[in-house]
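Chain and residue survey
Next come the chains, spelled out residue by residue.
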Amino acid sequence: MLQADMKSVIKYAIELDIDYIKSFLGYEGDKVLEFITKKKEVVELIESYANNLGLDCKHEFEIAGEHGPSYNIFIGVEDPSVFKLKK
């Protein structure tokens, strides 16, 4: 289910006006997808799609980023295969 949701978001976003996609492991072992775009409409579309799948989505506007002024969209997915320590 985890892989299917991530693939679904990527397939949806690839058709939109995005500049960059990156996937990486987050601080606690969660899988994170990052999309970078210059258009606010794209942020709203990706955020809506992720929310419909039940995924958490956050975004920020970065004025002086590596790709110039752009929106960064982050979707975090908890990976159940990663062992977590009690806090």
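Summarised in this report is the structure supplied together with it.

Our next topic: the overall build of the protein chain. Scanning the protein chain from terminus to terminus reveals 2 helices and 4 strands. Mapped from its N terminus to its C terminus, the protein chain presents α and β elements in the order α-β-β-α-β-β. Within the protein chain, residue pairs in contact and separated by at least 24 positions form 55% of the contacts whose partners lie at least 6 positions apart. Entry remark: accessible area of the protein chain is about 5900 Å², with carbon and sulfur atoms responsible for 55%.

A word on the pattern of salt bridges. Across all of its chains, the model carries 3 salt bridges by this definition. Across the pair E34 and K22 runs a salt bridge whose closest N-O atoms are separated by 3.8 Å. You can see E34 sitting in strand 2 (residues 31-37) and its partner K22 sitting in strand 1 (residues 20-25), a full 12 residues away along the chain.

By the element assignment, V42 lies in helix 2 (residues 40-52). Expressed as a C-alpha distance, the spacing of V42 and I73, which sit 31 residues apart in the sequence, is 9.7 Å. Discounting residues that sit within four places of it in the chain, V42 has contacts with L16, D17, I18 and T37.

The next thing to look at is helix 2. Here helix 2 spans 19 Å end to end across 13 residues, near enough to the 18 Å set by a 1.5 Å rise per residue. V42, V43, I46 and A50 are the residues of helix 2 that are buried. Considered in projection along helix 2, the buried side chains sweep an arc of 100° and stay on one side of the axis. Exposed side of helix 2, more than 90 degrees from the buried face: E41 and N52 are the residues found there. Looking one or two places after helix 2, you find G54, whose phi comes out positive at around 85°.

Turning next to the nonpolar core. Here is a general trend for soluble globular proteins: nonpolar side chains tend to be buried in one another's company. Among the nonpolar cores identified, the biggest contains 17 residues, and F35, I46 and I75 are the most heavily contacted of them. When residues of this core are traced back to their parent elements, those giving at least two are helix 1 (2-14), strand 2, helix 2 and strand 4 (70-77). If we skip the residues at most four places from it in the chain, I46 touches Y12, A13, L16, I18, F35, I73 and I75.

On to the sheet that holds strand 4. If you trace the 4 strands from one edge of the open sheet to the other, you get 1-2-4-3, paired in antiparallel fashion. Pairing within the sheet leaves two strands with one partner each, and these edge strands are strand 1 and strand 3 (56-62). Across the sheet, the mean angle separating the axes of adjacent strands is 20° when strand polarity is ignored. Relative to strand 2, strand 1 runs antiparallel, the two being bridged by 6 bridges. Pairing of F24 across the sheet is with V32, part of strand 2.

Cut-offs applied
- Counting restarts for each chain: residues are numbered from 1 in the order of the written sequence.
- Restriction of local features to residues with pLDDT of at least 70 applies here, the model being predicted, together with a cutoff of 80 or more for giving and counting side-chain atom pairs; totals for whole chains, interfaces and linings are based on all residues.
- Hydrogens and water are ignored here; the side-chain numbers use all heavy atoms of the structure.
- Here a strand is any run of E in DSSP of at least two residues, a helix any run of H or I of at least four, and the numbering for each starts at the N terminus.
- Pairs of residues are marked as contacts when any of their non-hydrogen atoms sit within 4.5 Å.
- Areas reported here follow the Shrake-Rupley algorithm with a probe of radius 1.4 Å; residue values treat only the protein chains shown as occluding.
- We count a salt bridge whenever a side-chain nitrogen from Lys or Arg sits within 4 Å of a carboxyl oxygen from Asp or Glu.
- Helix span is expected to be 1.5 Å times the residue number reduced by one.
- Relative accessibility decides the category of a residue: with a 1.4 Å probe and only protein chains considered, values under 20% of the type maximum give buried, values over 50% give exposed, and everything between is partly exposed.
- Read the arc as the range of directions from the helix axis to the C-beta atoms.
- Residues belong to a common nonpolar core when they are buried Ala, Val, Leu, Ile, Met, Phe, Trp, Tyr or Cys residues joined through side-chain atoms within 4.5 Å.
- Each pair of strands is called paired provided DSSP finds at least two bridges between the two strands.
- Orientation is described by axes fitted as lines to C-alpha atoms, over the contacting stretch for helices, and by angles from 0 to 180 degrees between their N-to-C directions.

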